Amino acid sequence: MSASHPDPGASGRPLAQATSRPGQLLAMTSFAHFMNDGIIFFIPVVSDLLVADRHASTAMITTMLTIFYLTSAGVGVAVGLLADRLGHRGSLIAIGIATLGLSLFGFYAALATAAPAGDALAIAAALVAGVGSSVYHPLGGSILQLTFTAGARGKALGVNGAFGSLGRALYPALFFVIAALGISKPATAIVFGGVAILAAAGIAVGLHASDANDARVHGGAQPADAPSRSLRSLVTRSVGVLMVISLVRSLAFIGVVSWVPIYLTTQRHAGTSTTLGVTVTVMYAGGIVGQLAFGLLADRFDKRAVLALNSLGSAVGIVWFLSTSGHGGMALLSLLVFGVFTFSGFPLLISLVSDYVPRAASATGNALVWGVGSTGGQALGPLAVSLLMGGDVAHLGGAFAAMAVLMGVSALATPALGRVSRSAPVQLFG
């Protein structure tokens, strides 16, 4: 696979040249992405159960979600710096998945315990989940950035991202299916927690090749151009703009996604049953196709234009959803379209990071754009929607409309990103 343009600051060779098993790294990082995102997008469903079964207040749910996302954003930068300095990306990813598994035991305790102790347990579990969720995206993206050349990177990230979307799509529905077999909803969280810990052990073994490559690339010492780079030197104009775009997009997207289960239950009367699980699954399933499509588009076209299209598509999807009624038919189709665009940011953002950040600092660059930007927006999204609805779930529709406007506005900043030369240019922005 030949690069379509040189990576900035590229030194050394891609990991795909250091190992004969790039396919294994793609497969194992994709499985890790499946587990990571499956567990993460389990959390809005838990929030809905806390409201429906325990009558938790919107203030408590907002606090729980905000702590989860803020922790993930803050810890992610430290994880990126650590990985760029010491390597061991595969082992760190396995630890992150195991930590997410442990958080589900905490959510089990929260669902099984009355307030106020149950609320405290939910917030503590969200904190643990935030630490665990901070690891995969910067490090999984870094492994693929170092493994695949620029001309094939978007496709690899798209395949990898599709497995993350598959996890998001399956986990909410599987939760209700397992609960329908006679296992209580709190106990179902234990089942998924145990599966996550077992999966983490398999990921540690499967990504051993990544750790071995880290050791060869690092040579037992720090790379000459990565550890000495300060965070300030990495935040160029384009990286700063990309962080802002990522934050605004994510604030709007997650502001909607975090409250959709509650909106469906309280305004569309979906209940907290398999119907809700299927409806949410349809929304998440859109990202399976979207990740692949936008990964391929990132390799072929101006990524700035593709990113703008992605943001506008999400805005159209949520406006369409608000124009429907109930939770079937056109409502399901509109949520599917919303999901195609909303859950496709991973290959676009991580590919763009490769354009603006040196290879040896890829994990830190990913953490800045995905961790501080995207995850920071995720932290603000639930709070923004909560403030807009004024604590009354009856006003969720209006809050969602405001988020759609914000999604569209984020597309206006994409021309400010720096142009990157390509061997076969299709430049849509000057």
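Residues numbered from 1 in each chain as written. Predicted model: local features only at pLDDT ≥ 70, side-chain atom pairs only at ≥ 80, totals over all residues. Heavy atoms only, no water.

Chemist: Please clarify how the overall build of the protein chain should be interpreted in this entry.
Modeler: Across its full length, the protein chain carries 18 helices and zero strands. Considering the protein chain as a whole, with its 430 residues, one finds that 60% of them fall into the buried category. Taking contacts inside the protein chain between residues at least 6 apart in sequence as the whole, the part at least 24 apart equals 86%. By element, 71% of the accessible surface of the protein chain is carried by carbon and sulfur atoms, the whole surface being about 14,700 Å². (Helix = DSSP H or I, 4+ residues; strand = E, 2+ residues; numbered from the N terminus. Buried < 20%, exposed > 50% of the residue type's maximum accessible area, 1.4 Å probe, protein only. Contact = heavy atoms within 4.5 Å. Areas by Shrake-Rupley, 256 points an atom, 1.4 Å probe, with all protein chains shown as cover.)

Chemist: Is there a simple way to explain the pattern of salt bridges in this structure?
Modeler: One pass over the full model with this rule turns up three salt bridges. With its nearest N and O atoms 2.8 Å apart, the salt bridge here joins D355 to K303. Of this pair, D355 sits in helix α16 (residues 345-356) while K303 sits in helix α14 (residues 303-322), and the two are 52 residues apart along the sequence. By the burial criterion, D355 is buried, and K303 matches it. (Salt bridge = Lys/Arg side-chain N within 4 Å of Asp/Glu carboxyl O.)

Chemist: Even after reading the chapter, I still don't get a nonpolar patch on the surface, so can you show me in this structure?
Modeler: Taken together, the side chains of L102, F105, V128 and I197 present a nonpolar region at the surface, about 300 Å² in accessible area. If you trace the backbone, V128 turns up in helix α6 (residues 117-133). Judged by its relative accessible area of 33%, V128 is partly exposed. (Patch = residues over 30% accessible without salt bridge, like charges linked within 9 Å, V, L, I, M, F, W, Y side chains within 5 Å.)

Chemist: Looking at this structure, I do not really get empty space enclosed by the protein. What am I missing?
Modeler: Vacant regions in the atomic arrangement are exposed by a probe of water-molecule size rolled over the atoms. Counted under the stated rule, the structure contains five cavities of 30 Å³ or more. In this structure, the largest cavity occupies an estimated 370 Å³ of space. Lining the largest cavity are 31 residues, and of these F41, H137, W370, S374 and Q378 sit closest to its centre. Contributions of two or more residues to the lining of the largest cavity are made by α2 (22-40), α4 (58-86), α7 (136-147), α12 (237-266), α16 and α17 (362-389). No other element matches α17, which puts six residues into the lining of the largest cavity. Among the residues forming the lining of the largest cavity, the class breakdown is twelve nonpolar, 16 polar and three charged. (1 Å grid on protein atoms, 1.4 Å probe; cavity = no way out; pocket = protein on both sides within 12 Å on 5 of 7 lines; lining within 4 Å. Points joined across faces, edges and corners; volume = space filled by probe spheres on them. Nonpolar A, V, L, I, M, F, W, Y, C, P; charged D, E, K, R; others polar.)

Chemist: Help me understand the packing of α12 against α14, please; the structure alone is not making it clear to me.
Modeler: What describes two packed helices is the angle between their axes and the distance between those same axes. Running from N to C, α12 and α14 cross one another at 20°; their axes reach a closest spacing of 12 Å. If you check the angle between α12 and α14, you find them roughly parallel. Seen along the crossing, α12 lies across α14 with a hand that is left-handed. Every residue of α14 that contacts α12 at L242, I245, R249, F253, V256, Y263 and L264 is listed here: L307, N310, S311, S314, I318, F321 and L322. (Axes fitted to C-alpha atoms, helices over the stretch in contact; angles between N-to-C directions. Parallel < 35°, antiparallel > 145°, perpendicular 65-115°, else oblique. Left-handed = near helix turned anticlockwise from the far one by under 90°.)

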